[in-house]
Amino acid sequence: MPELPEVETIKNALKKVVLSQKIVDVVVNNPKVIKEPSVKEFVKDLEGATITDVLRKAKLLILELSNAKSLCIHLKLTGQLIYPGNPSLSRISFKLSNGNFLDFRDQRLLGELRLVKDWRSLKFIQELGPQPFEITFGEFKKMLENKKTPIKILLMDQTFISGIGNLYAAEILFRAGIHPKRAAYLLLDKEKEVLFKEMLATLKEAIAHKGSSVDQYVQLSGEPGEYAKYHKVYGRENLPCLVCKTPIKRISLGGRGTYFCPKCQK
DNA sequence: AATGGGACCTGCGCGC
DNA sequence: TGCGCGCAGGTCCCAT
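It should be emphasised that the depicted structure is a prediction, and the values quoted were computed from it without experimental measurement.

K.L.:
Got a minute to help me understand the sheet that holds strand 1 (residues 23-28) in this structure?
P.N.:
The four strands are arranged 1-7-8-6 in an open sheet whose pairing can be described as antiparallel. The sheet is open, and its two edges are formed by strand 1 and strand 6 (79-82), each paired on a single side. Each strand of the sheet is rotated relative to its neighbour by a mean of 15°, with strand direction disregarded. Here strand 1 pairs with strand 7 (residues 92-96) via five bridges, running antiparallel. Note that in strand 7 the partner of Ile 23 across the bridge is Leu 96.

This is the structure:
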């Protein structure tokens, strides 16, 4: 569930505490999450490196290091970064020069850590579509042309537009009043405009509220994000729509649970 | 080429 | 009570 707003929240918090810290030790409790290079090299190359910058690209978190390498962290479904951490609770912990640990925790072990020379050339990065804040309405409108895919699937397609996942796709479409199954190319210009506006507004508000803690996501401090209380549809199956009181429906679309209001979303 | 489903994982909640 | 099953969803990979 960490999507763009959650990863952005973690990035902002990380920048305040880890910049110019040196990684003095790496604790590997579960090597499974280290995808690249070998565990041995991963540890060896990280020890002694100083964190020079923290970046986010879509849902990927990037820690740039003084040794010209970057530590790329994908939280996937249940990954967490916690600071100050506790290595007895983590999959991987990084001991910093100030004596504190930065933990990577991950209940389901689907998260991925990579130490690479050039994160920009990672296949995953190369294939990402633009992030929502990087495009104009004109460009967005053009991107939707000829796309017969249901709009929700398109919003979640990282090669189309990057950073939006299942939760925010549902919330954005509710706010735009658009049914998740609508074919993208059949949306009216007016609807595309509202969709674009609500996409940016929803992500912006979610960042302002430090993300949505519905399952595993927490901020770097371990505190929950506050945006879940503003959710209109996600996780609200059978509960009354907050606008029209019609029960919120849940369908499966592209293999994902999809929540919407059958009356408000056409 | 675009789409669909399974795999990767674990823990939770449900029904019997 | 306890067990087994389905489900949660980001991304990759393979099949159609």
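K.L.:
What exactly am I supposed to notice about the protein's contact with DNA strand B here?
P.N.:
All residues in the neighbourhood of DNA strand B are listed as Lys 32, Gln 107, Arg 108, Leu 109, Leu 110 and Thr 149. The sugar-phosphate backbone supplies 73% of the atoms of DNA strand B found within 4 Å of the protein. The side chain of Arg 108 places a nitrogen or oxygen atom 2.7 Å from a base oxygen of DNA strand B. In this structure, Thr 149 approaches DNA strand B through a side-chain N or O atom, which is 3.3 Å from a phosphate oxygen. Residues belonging to the surface near DNA strand B are distributed by class as follows: two nonpolar, two polar and two charged.

K.L.:
Whenever I open this one, the protein's contact with DNA strand C confuses me. Can you help?
P.N.:
Lining the immediate surroundings of DNA strand C are 18 residues, of which His 74, Leu 77, Arg 108, Tyr 234 and Arg 250 lie closest. Close to the protein, within 4 Å, the atoms of DNA strand C are drawn from sugar and phosphate at a rate of 64%. Here Tyr 234 contributes a side-chain N or O atom positioned 2.3 Å from a phosphate oxygen of DNA strand C. Among the secondary structure elements, those contributing two or more residues to the surface near DNA strand C are helix 3 (123-126) and strand 11 (256-260). By residue class, the composition of the surface near DNA strand C is six nonpolar, five polar and seven charged.

K.L.:
Help me out: how do you make sense of the packing of helix 1 (residues 4-18) against helix 7 (residues 189-208) in this one?
P.N.:
In helix packing, the relevant descriptors are the interaxial angle and the interaxial distance, both defined with respect to the helix axes. Interaxial distance between helix 1 and helix 7 falls to 9 Å at its minimum, and their mutual angle equals 40°. The handedness of the crossing between helix 1 and helix 7 is right-handed. Counting all contacts with helix 1, which are made through Leu 4, Pro 5, Glu 8 and Thr 9, the residues of helix 7 involved are Leu 203, Ala 206 and Ile 207. In terms of residue class, the contact of helix 1 with helix 7 is built from five nonpolar, one polar and one charged.

K.L.:
Is there a simple way to think about the pairing of strand 4 (residues 60-65) in this case?
P.N.:
In the case of a regular strand, side chains alternate between the two sheet surfaces. Along strand 4, six of the six residues are buried, which leaves the element largely enclosed by surrounding structure. Residues Leu 60, Ile 62 and Glu 64 line one face of strand 4 and the alternating positions Leu 61, Leu 63 and Leu 65 line the opposite face, and both faces are buried. Relative to strand 4, strand 3 (residues 51-57) runs antiparallel, the two being bridged by six bridges. Note on strand 4: the bridge partner recorded for Asp 53 is Glu 64. Taken together, strand 3 and the strand that follows it, strand 4, pair antiparallel across an intervening segment of two residues, in which Ala 58 is found at a positive phi of about 55°. By the bridge criterion, five bridges tie strand 4 to strand 5 (residues 70-74) in an arrangement that is antiparallel.

K.L.:
Is there a simple way to think about the environment of Val 28 in this case?
P.N.:
Turning to its location among the elements, Val 28 is positioned in strand 1. Under the relative-accessibility criterion, Val 28 is labelled partly exposed at 29%. Val 28 sits 75 residues away from Asp 103 along the chain, and the two C-alpha atoms are 10 Å apart. With sequence-adjacent residues up to four places away left out, Val 28 is seen in contact with Ile 34, Val 39, Val 43, Arg 91 and Ile 92.

K.L.:
Help me out: how do you make sense of the sheet that holds strand 3 in this one?
P.N.:
Sheet strands pair via backbone hydrogen bonds, and the direction of the pair is either parallel or antiparallel. The sheet built from five strands is open, its strands ordered 2-9-5-4-3 with mixed pairing. Of all strands in the sheet, those with a lone pairing partner are strand 2 (34-36) and strand 3, marking the two edges. Taking the axes of each pair of neighbouring strands and ignoring which way they run, one obtains an average angle of 20° across the sheet. Sheet topology note: the strand 5/strand 9 (residues 112-116) ladder contains five bridges and is antiparallel.

Rules used in this analysis
- Residues numbered from 1 in each chain as written.
- Chains lettered and ligands numbered in written order.
- Predicted model: local features only at pLDDT ≥ 70, side-chain atom pairs only at ≥ 80, totals over all residues.
- Heavy atoms only, no water.
- Pairing = 2+ DSSP bridges.
- Helix = DSSP H or I, 4+ residues; strand = E, 2+ residues; numbered from the N terminus.
- Axes fitted to C-alpha atoms, helices over the stretch in contact; angles between N-to-C directions.
- Near = heavy atom within 4 Å.
- Polar contact = N/O pair within 3.5 Å; in protein donor to acceptor, adjacent residues only side chain to side chain.
- Nonpolar A, V, L, I, M, F, W, Y, C, P; charged D, E, K, R; others polar.
- Left-handed = near helix turned anticlockwise from the far one by under 90°.
- Contact = heavy atoms within 4.5 Å.
- Buried < 20%, exposed > 50% of the residue type's maximum accessible area, 1.4 Å probe, protein only.

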